[in-house]
Number of protein chains: 2
Amino acid sequence: MDTRSNFHQSLEELQADLLKMGTLVEEAIYQAVKSLARMDVKMAEETIEQDDKIDQMMLEIEERCLRLIALQQPMAGDLRVIGMAMKIVTDLERIADHAVDIAKTTRRLAGETLVKPLVDIPRMADIAKEMLRDALTAFVEKNVARAEGLAEKDDQVDKLYTEIFQEIIGLMGTDLSVNRQVTHLLMVARYLERVADHATNIGEWVIYMVTGQRKDLNL
Amino acid sequence: MDTRSNFHQSLEELQADLLKMGTLVEEAIYQAVKSLARMDVKMAEETIEQDDKIDQMMLEIEERCLRLIALQQPMAGDLRVIGMAMKIVTDLERIADHAVDIAKTTRRLAGETLVKPLVDIPRMADIAKEMLRDALTAFVEKNVARAEGLAEKDDQVDKLYTEIFQEIIGLMGTDLSVNRQVTHLLMVARYLERVADHATNIGEWVIYMVTGQRKDLNL
């Protein structure tokens, strides 16, 4: 096999690892929100532990990207793909950090009864996860239209966040423990809103990679 | 001049640009918090506009890093320095994003009188800015001890955040507009706590770059 096809094999492996990391990250968000909805501290602890594995994956992928560039001196287009892969990995890692933030909220609220069952937060999480999946698919397919589709879902997430914000400030009152709990829940909604932003970031990298143009998907 | 000294000149230019970006980011945090403390919407808008410049700087530095690697095929040690520079740039950009978050809070609360003058939030901002400065100095000096010093300041920031959290849930009550305002102020405290985390991240990259060991500065 010549150097060129070696290089393309390396690129494909890189994409495969990125998708693997993406799946782990998606799972982390899913587990974190489920742990909160069920007040399951054990599940929350597992999510927190899992994050080390995701961080390790990030470092490995990044090091591999740098070595690939140094050893193979890719042409401009391929260099851009590797650069984007490095950006995407960073966004994935931030999403995973938010999964940890959410799991830590479960830990903080352990033993409490939720003021009301979680409905909008899991809904936000579902859309955010879909967005992550779309963003990664767009990356693999170099699919600009799919990346652009993230803007609309991000609007849905932002709208849900605003609704949750309004609802939660209405639940606040003179009971400190209620205030504490609903404030933590609002933070969770904020983390999920950020997860969606990271998915739009990934979409923006894809558009930049394919078209060379910067487009804001998060207006 | 031979290729090797060319390369070292490029590395030095890279560090200089990173510091320049760091100074802009520090300024952004300073301005954002000042705009909030004074309820100065014009200053807030300036901070938000300035962010495009910081994003642009990030992209330029990253592209330069990738080209440097592709063209010069640096040895392992230099490759690691460039990799770290790319990580640091990402943390700087996230800090700048939080400055925008804070400036947007000023915009949201425009025209309102603050429930109480801001004291702890500007104090948090001062420590976070110091941490950013320390982290960048540690990077330039490859100074592990200075990077390690960030852990203690991060504890101070975390402690202030906990105090602000307690204070703010005590200010909540039946007045929706008060709840709204203090919740936004709590978010600002949270952003600053995150700014401090990004400074510790930079410190961790420095330690990893110099010693090859991962050390958690944010316990």
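Everything that follows concerns the structure shown earlier in this document.
What you see is a predicted model, and the numbers here were worked out from it, not measured in a lab.

Asks: Sorry if this is basic, but what is going on with the environment of L109 of chain B here?
Replies: All names here are of chain B. By secondary structure assignment, the location of L109 is in the loop between α3 (76-108) and α4 (120-141). Given a relative accessible area of 0%, L109 falls into the buried group. Separated by 102 residues in the primary sequence, L109 and T211 place their C-alpha atoms 46 Å from one another. Excluding residues that lie within four positions of it along the chain, L109 makes contacts with L36, M39, R180, Q181, H184 and L185.

Asks: Is there a simple way to explain the interface of chain B and chain A in this structure?
Replies: A common way to report how large an interface is uses the accessible area buried once the components associate. Chain B puts 40 residues into the contact, and the matching count from chain A is 40 residues. Overall, the association of chain B and chain A removes approximately 3,300 Å² of surface from exposure, summing both partners, and the carbon and sulfur fraction of that is 63%. Per-residue buried area on chain B facing chain A is highest for L66, R94 and M187 of chain B; these three make up 16% of the total on that side. At the boundary of chain B and chain A, one finds eight salt bridges. With a closest N to O distance of 2.7 Å, D101 of chain A and R194 of chain B form a salt bridge. Counting every contact that joins chain B to chain A gives 17 residue pairs in polar contact (both at pLDDT 80 or more). Elements with a minimum of two residues in the side of chain B that touches chain A: α2 (41-72), α3, α6 (150-171) and α7 (176-211) of chain B. Considering every element that reaches the side of chain B that touches chain A, the biggest residue donor is α7 of chain B, with 14 residues. Of the residues assigned to the side of chain B that touches chain A, the class counts are 18 nonpolar, eleven polar and eleven charged.

Asks: Just to check I follow, could you spell out unusual backbone geometry for this structure?
Replies: The bulk of non-glycine residues show a negative phi, and the bulk of peptide bonds are trans. For Q73 of chain A, which is not glycine, the phi torsion reads 40° and is therefore positive. Of note in the backbone geometry, M39 of chain B takes a positive phi value of approximately 50° without being a glycine. Take M39 of chain B: it is sitting in the loop between α1 (3-37) and α2.

Asks: I tried to follow the packing of helix α3 (residues 76-108) of chain A against helix α7 (residues 176-211) of chain A on my own but got confused; where do I start?
Replies: A pair of packed helices can be characterised by two numbers: the angle between their axes and the separation between those axes. Residue and element names in this part refer to chain A. One can describe the packing of α3 onto α7 by two numbers: an axis separation of 10 Å at closest approach and a directional angle of 170°. Considering the angle they form, α3 stands roughly antiparallel to α7. Within the contact of α3 with α7, the residues separate by chemical class into 15 nonpolar, five polar and eight charged.

Asks: Explanation requested: α6 of chain B in the structure shown.
Replies: Three or four residues apart is the spacing at which side chains of an α-helix point the same way, because the helix has 3.6 residues per turn. For α6 of chain B, with 22 residues, the first-to-last C-alpha span of 31 Å sits near the 32 Å given by 1.5 Å per residue. Within α6 of chain B, burial applies to L150, D154, V157, D158, L160, Y161, I164, F165, I168 and I169 of chain B. The buried residues of α6 of chain B occupy an angular sector of 165° when the element is viewed end-on, so they sit on one face. In α6 of chain B, the exposed positions angled more than 90 degrees off the buried face are occupied by E152 and K159 of chain B. Against the buried residues of α6 of chain B lie α7 of chain A together with α4, α5 (144-148) and α7 of chain B.

Asks: How should I be thinking about the pattern of salt bridges in this particular structure?
Replies: Side-chain pairs of opposite charge can arise whenever the charged atoms involved come near each other. Inspection of the entire model under this criterion finds 45 salt bridges over all chains. As a salt-bridge pair, D91 of chain B and R94 of chain A come within 3.3 Å of each other at their nearest N and O atoms. Of this pair, D91 of chain B sits in helix α3 while R94 of chain A sits in helix α3, each in a different chain. A relative accessible area of 1% means that D91 of chain B is categorised as buried. Ionic pairing is found between E130 of chain B and K153 of chain B, a salt bridge with its closest N-O pair at 3.0 Å.

Asks: So what exactly am I meant to see when it comes to the nonpolar core here?
Replies: Judged by nonpolar contacts, the single largest core of 166 residues is most densely connected at M21, I121 and L192 of chain A together with M21, I121 and L192 of chain B. With sequence-adjacent residues up to four places away left out, I121 of chain A is seen in contact with V33, I164, L185, V188, A189 and L192 of chain A.

Asks: Honestly, the side chain of T200 of chain A in this entry has me stumped. Any pointers?
Replies: Along the chain, T200 of chain A falls in helix α7. Classification of T200 of chain A as buried rests on a relative accessible area of 0%.

Asks: Please clarify how the relation of the copies chain B and chain A should be interpreted in this entry.
Replies: There are two copies of the chain, and a rotation about an axis plus a shift along that axis relates them. Least-squares fitting of chain B to chain A yields an RMSD of 0.0 Å, with the transformation described by 0.0 Å of translation along the axis and a rotation of 180°. Taken together, the rotation and translation describe the operation of a two-fold axis. Rotation axis and chain B: the residue whose C-alpha lies nearest the axis is G173 of chain B, separated from it by 2.0 Å. With an isologous cut-off of 70% or more, the 100% of interface residues of chain B that recur at the interface of chain A puts this contact in the isologous class.

Quick notes on the rules
- Residues numbered from 1 in each chain as written.
- Chains lettered and ligands numbered in written order.
- Predicted model: local features only at pLDDT ≥ 70, side-chain atom pairs only at ≥ 80, totals over all residues.
- Heavy atoms only, no water.
- Helix = DSSP H or I, 4+ residues; strand = E, 2+ residues; numbered from the N terminus.
- Buried < 20%, exposed > 50% of the residue type's maximum accessible area, 1.4 Å probe, protein only.
- Contact = heavy atoms within 4.5 Å.
- Buried area = accessible area lost by both parts, 1.4 Å probe.
- Salt bridge = Lys/Arg side-chain N within 4 Å of Asp/Glu carboxyl O.
- Polar contact = N/O pair within 3.5 Å; in protein donor to acceptor, adjacent residues only side chain to side chain.
- Nonpolar A, V, L, I, M, F, W, Y, C, P; charged D, E, K, R; others polar.
- Axes fitted to C-alpha atoms, helices over the stretch in contact; angles between N-to-C directions.
- Parallel < 35°, antiparallel > 145°, perpendicular 65-115°, else oblique.
- Expected span 1.5 Å × (residues − 1).
- Arc of directions from axis to C-beta.
- Core = buried A, V, L, I, M, F, W, Y, C linked by side-chain atoms within 4.5 Å.
- Least-squares fit on C-alpha atoms with pLDDT ≥ 70 in both.

Keep in mind these numbers describe shape, not what the thing actually does.
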